Every structure is written in C-alpha cells, then in structure tokens.
Amino acid sequence: MGGAKTDLKLIDENGLRLDGRSPNELRPIKIQTDVLDNADGSAMIEWGGNKIIASVYGPREAYPKHTQNMDMAVVKARYNMAAFSVDERKRPGPDRRSIEISKVVSEALQTAILAEQFPRTQIDVFIEVLQADAGTRIAGLTASAVALAAAGIPMRDMVAGCTAGKVAGQIVLDLGKEEDNFGEADLPIAQLVKSGKIVLMQMDGDLSVEEFNKATEMIDDAIKRISEIQREALAGKYRDIALEEGGE
Ligand code: ADP
C-alpha cells in the first residue's frame, strides 16, 4: 500500500485489471457451512485466493468471571494467519496486526448479534486464514457471520463486507494481492446487510472525497451481492437438514 513502486501494469489499455477483472467486478466467492464437526457452527470461505475457516463456540459461560457482562454476551473473535498462508512463512502466533483485526472484527460481530439474549456468556469466533490473498479481514468477517448463523445464534442482521481501493488512479472493487501491495488506497468496509449500517471501516492510503464516495457506493452494492452468497450457503444447510429429516 501507499503506492509502492512496481513495474506491474495494474490496469491495462482496455481498463482491465491484472486478473482480467473490470473495476467493479468481485473475485469468485464460495461459502460452505458446517465444515467442522466439533464447532457449534462453522463456515469455509474461498474468496479469490483466500481460504479461510471461521468456527463458532458458544454462547458459554464467560471465563474468567471478571470478563462477564451482566447485560449481554461478549463476542471474542480471534483472527489467525497460518504460517503457510503467505508466500514467505509467517511467524506463528499473534502480532499487532492480528490483534487489531481480532478487535475490529469482534466489535462488528457484537453489533450484529442479539447479545442481550445471553448475559454473562461469551461467544468465541476463531478465524483461521489458511491461504491469504488480500482482503482476509473482510473475508474472515463475512465467513464468521455465516458460522454464527449456522450455530443458531440469533442475529439482528447479517454482516458482510468488501474492500475497494485505488489502483493506477482508478477506484476498483475487491483488491487482489498485487493491487493491495502496490495500489494507492485500500478501504475495507463491513455493513449490517438490511440496515446498511457500517460496523467496520478502515483505510490505508489516500482518497479524495469524490473517490471515497465512489468506493463506498461500489462496496454498498457489492455487499448486497455477497450477502446473497451468504444466504444461499445457509439455505443449503437448512435444505440438507430438511432432506435428512424427510428420511432421504
Ligand atoms: P487484509 O488481508 O485484510 O487485506 P492487510 O491489508 O493487512 O489485510 O494485508 C493484505 C495482504 O497482505 C494479506 O491478505 C496477505 O496476503 C498479505 N500479508 C499480510 N500479513 C502478512 C505477513 N505477515 N506476511 C506475508 N504476507 C502478509
């Protein structure tokens, strides 16, 4: 980020990006629920080259006791990148970046969950990045929301997110790895799907007000498409249950 020098041509003469996408085009996104037996809910997301598993445990009694909130459940998300998730082996364990991402994702999920229904409990969300290809915080959050719903945790609204940014002077949706590294700005946003309320927003680089507005409009529209993929993943889960109960 920050417009680092590169010989790569991020946008070609036809206005297409390195992977052939148009400015407003998402990478392919696939979500599958219930990929883990031992979690209360889980989801695997493949988003471009990202491969991420989100798993949910709880609500269960918050421990240690002083972490309990008498009025609501506390949502604790933990974002972790596997050592093999990036080109050069990443040193295992938490670092400043993962601690920051865990915090902002926890807060976004907390807003979406009807946490007041489960006082004194905690809901743990583990986000394991198996393969990273830019946009992992947003992909992890989007998968977590599906995992929470799959765990049967009541939510006031679904959460989904997307990134937009500026590369080679143009506003584009859903930055890929090179665009993230060599672009001029990166703006990840997550929203509650029905209300449109923004629950996560961070920015790297610089944008004019007009560019910012264009980026947020693109994201707003993309989130509607992404939430449809979330909805289909969950519909698939409940279709499977109905078939099982129907004895087929
Ligand atoms: P996000 O994944 O949410 O876009 P960043 O903008 O911090 O978060 O990171 C962009 C991308 O840079 C990541 O998706 C990943 O591909 C890569 N990356 C992040 N941290 C590391 C690291 N420690 N080592 C190698 N690559 C990394």
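Anything mentioned here points back to the structure above.
All values derive from a computational prediction rather than experimental measurement. (Residues numbered from 1 in each chain as written. Predicted model: local features only at pLDDT ≥ 70, side-chain atom pairs only at ≥ 80, totals over all residues. Heavy atoms only, no water.)

Peer 1: I'd like to hear about the pairing of strand β6 (residues 159-167), residue by residue, with values.
Peer 2: Where burial is concerned, most of β6 is hidden: 9 out of the 9 residues are buried. On β6, burial covers both faces: Val-159, Gly-161, Thr-163, Gly-165 and Val-167 on one face and Ala-160, Cys-162, Ala-164 and Lys-166 on the other are all buried. Inspection of the sheet shows β6 paired to strand β8 (residues 185-192) by 8 bridges, in the antiparallel sense. Bridge pairing in β8 links Val-159 to Leu-192. Both β6 and strand β7 (residues 170-173) contribute to a ladder of 4 bridges, which runs antiparallel. (Buried < 20%, exposed > 50% of the residue type's maximum accessible area, 1.4 Å probe, protein only. Helix = DSSP H or I, 4+ residues; strand = E, 2+ residues; numbered from the N terminus. Pairing = 2+ DSSP bridges.)

Peer 1: Hey, could you go over the site of the ligand for me, with residue numbers and the actual values?
Peer 2: With respect to spatial proximity, 13 residues lie near the ligand, and among them Arg-97, Ala-134, Gly-135, Thr-136 and Arg-137 are the closest. Here an oxygen atom of the ligand sits 2.8 Å away from a polar atom, N or O, in the side chain of Arg-137. Protein chains shield 75% of the accessible area of the ligand, which is 540 Å² for the free molecule. Applying the majority rule of atoms within 2 Å of the grid points places the ligand in the largest pocket. Mapped onto the shell around the ligand, the elements with two or more residues apiece are α2 (136-150) and α3 (177-182). In terms of residue class, the shell around the ligand is made up of 4 nonpolar, 2 polar and 7 charged. (Near = heavy atom within 4 Å. Polar contact = N/O pair within 3.5 Å; in protein donor to acceptor, adjacent residues only side chain to side chain. Areas by Shrake-Rupley, 256 points an atom, 1.4 Å probe, with all protein chains shown as cover. 1 Å grid on protein atoms, 1.4 Å probe; cavity = no way out; pocket = protein on both sides within 12 Å on 5 of 7 lines; lining within 4 Å. Sits in = over half its atoms within 2 Å of the grid points. Nonpolar A, V, L, I, M, F, W, Y, C, P; charged D, E, K, R; others polar.)

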